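Read off the chains here:
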Amino acid sequence: MVWIPQISDLVDRLGAAELADALRDPASATVPVALDDPEAGRISGVGVLAAWLTVQDTWRAERKVDIEEVATTLGEGRAVGEWVVHLEGPEGDRVGLPVAAAVDPASTLPVRIHHSRLPLLGRHVVRRPMVLPDPQAHASGVVGAYKAALDAGDTAAVIAAFAPDGSFRGPTGDAHRHTGTKELTELYDAFFSAGGGIPLKLCTVTEDGTRSAFEYICDRWGDADLPPQPGLAVCARGGDGLIASARVYDDVEAPVE
């Protein structure tokens, strides 16, 4: 599920014009192009990308796709875009699918797309990691405190990082949105009921002063070992400096209800 117009705009904002042009028109590409999509997997090479984009054009028309922009986090040399893709689901009803993309022109895999396949298929799909963990990757301030609390399985510390009216939205969209201290406490208590925290391994961190976007690998949840799989989360700070909203994009099947 490749959203080339929106992703190309992100690349333009980073000043990587050749990569943006290659994404829009693979046949005229002057630089190597590679991306990773939850449904298509790794796509590289002019011919493969061009063929896939043709298939996607048909797929979007059949599903009556409409794309809603959520936010853009523009860091040094990397950008993260977030959207909600509204489309016809498997039962014919309209589905709002949260999608995020990390655009990293200096990487050998410059476009990395993140979303759950649960709303599309009715099940989770394990996906191989796209980038390696980076020991130097650290989120700053309150988002770093939130990440540490998540690792430790400390609900009270997690809640302390959120504004009183802060919210969490899961990978499946508004059906998994929790707002306010009471709902967030119940949510994270449930998350940590599997025997402990969720120690995410950070791969990249992109920050703009308001939002922190981090790609990660999840291979453990409480006492449960999981197949290593990628994800992306964005935390937006409010005027009080606390987390106003946290949004997650992955396909991890939690070992809890």
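Residues numbered from 1 in each chain as written. Predicted model: local features only at pLDDT ≥ 70, side-chain atom pairs only at ≥ 80, totals over all residues. Heavy atoms only, no water.

J.: Help me understand the environment of Ala61, please; the structure alone is not making it clear to me.
T.: Looking at where Ala61 falls in the secondary structure, it is placed in helix 3 (residues 46-62). On a C-alpha basis, the gap between Ala61 and Ala213 in space is 30 Å, while along the polypeptide they are 152 residues apart. (Helix = DSSP H or I, 4+ residues; strand = E, 2+ residues; numbered from the N terminus.)

J.: Can you help me understand the packing of helix 1 (residues 4-13) against helix 2 (residues 17-24) in this one?
T.: Geometrically, a packed helix pair is captured by the angle between its two axes and the distance between the axes. At a minimum axis separation of 8 Å, helix 1 and helix 2 run at an interaxial angle of 170°. On the basis of their axis angle, the class for helix 1 and helix 2 is roughly antiparallel. Contacts between helix 1 and helix 2 involve Ile4, Ile7, Ser8, Asp9, Val11 and Asp12 from the first element and Ala17, Leu19, Ala20, Leu23 and Arg24 from the second. A breakdown of the residues in the contact of helix 1 with helix 2 according to their chemical character gives 7 nonpolar, 1 polar and 3 charged. (Axes fitted to C-alpha atoms, helices over the stretch in contact; angles between N-to-C directions. Parallel < 35°, antiparallel > 145°, perpendicular 65-115°, else oblique. Contact = heavy atoms within 4.5 Å. Nonpolar A, V, L, I, M, F, W, Y, C, P; charged D, E, K, R; others polar.)

J.: Looking at this model, I keep getting lost on the nonpolar core. Mind explaining?
T.: For soluble globular proteins, the rule of thumb is that nonpolar side chains tend to be buried together. Grouped together as the largest cluster of nonpolar side chains are 34 residues, with contacts concentrated most on Tyr146, Phe168, Tyr188, Phe214 and Ile243. Contributing elements (two or more residues each) for this core: helix 5 (141-152), helix 6 (155-161), strand 7 (162-170), helix 7 (180-191), strand 9 (201-207), strand 10 (211-221), strand 11 (224-237) and strand 12 (243-250). Residue contributions to this core peak at 5 residues, all from helix 5. Core analysis: the second largest hydrophobic core is formed by 28 residues, Trp3, Ala20, Trp59 and Ala79 among them. (Core = buried A, V, L, I, M, F, W, Y, C linked by side-chain atoms within 4.5 Å. Buried < 20%, exposed > 50% of the residue type's maximum accessible area, 1.4 Å probe, protein only.)

J.: Help me understand the sheet that holds strand 7, please; the structure alone is not making it clear to me.
T.: Across a sheet, paired strands are connected by hydrogen bonds in the backbone, their directions being either parallel or antiparallel. The 6 strands are arranged 8-7-12-11-10-9 in an open sheet whose pairing can be described as mixed. At either margin of the open sheet sits one strand with a lone partner, and together these are strand 8 (173-179) and strand 9. In this sheet, adjacent strand axes meet at a mean angle of 20° when their direction is disregarded. Looking at chain direction, strand 10 and strand 11 are connected through 10 bridges and run antiparallel. (Pairing = 2+ DSSP bridges.)

J.: Help me understand the pattern of salt bridges in this model?
T.: Per the counting criterion, the structure on display carries 19 salt bridges. The closest approach of N and O atoms between Asp174 and Arg177, which form a salt bridge, is 2.7 Å. Here the residues in one salt-bridge network are Asp9, Asp12, Asp21 and Arg24, joined through shared partners. (Salt bridge = Lys/Arg side-chain N within 4 Å of Asp/Glu carboxyl O.)

J.: Just to check I follow, could you spell out the sheet that holds strand 4 (residues 79-88) for this structure?
T.: Taken together, the 6 strands give an open sheet; going across it, the order is 2-1-6-5-4-3, and neighbouring strands pair in mixed fashion. Two strands lie at the open edges of the sheet, namely strand 2 (41-44) and strand 3 (66-74), each paired on one side alone. In this sheet, adjacent strand axes meet at a mean angle of 20° when their direction is disregarded. Note that strand 5 (residues 94-103) and strand 6 (residues 111-114) share 4 bridges and pair antiparallel. When the sheet's bridge partners are listed, Ala101 is paired in strand 6 with Ile113.

J.: How should unusual backbone geometry be read in this particular structure?
T.: Among all residues except glycine, the phi angle is most often negative; among peptide bonds, the trans geometry is most common. In the Ramachandran plot, Lys64 falls in the positive-phi region, its phi being about 55° despite a non-glycine side chain. Tracing the backbone through its elements, the reader meets Lys64 in the loop between helix 3 and strand 3.

J.: Just to check I follow, could you spell out the side chain of Asp251 for this structure?
T.: The topology assignment puts Asp251 in the segment after strand 12. Here Asp251 is buried and forms no salt bridge, its nearest opposite-charge partner Arg117 lying at an N-O distance of 5.6 Å. Polar contacts involving the side chain of Asp251 include one to the side chain of His124, which spans 3.0 Å. Within polar-contact distance, the side chain of Asp251 engages the backbone nitrogen of Val125 at 2.9 Å. For Asp251, the residues in contact, after removing those within four places along its chain, are His115, Ser116, Arg117, Leu118, His124, Val125 and Gln229. (Lys, Arg positive; Asp, Glu negative; His and termini not counted. Polar contact = N/O pair within 3.5 Å; in protein donor to acceptor, adjacent residues only side chain to side chain.)

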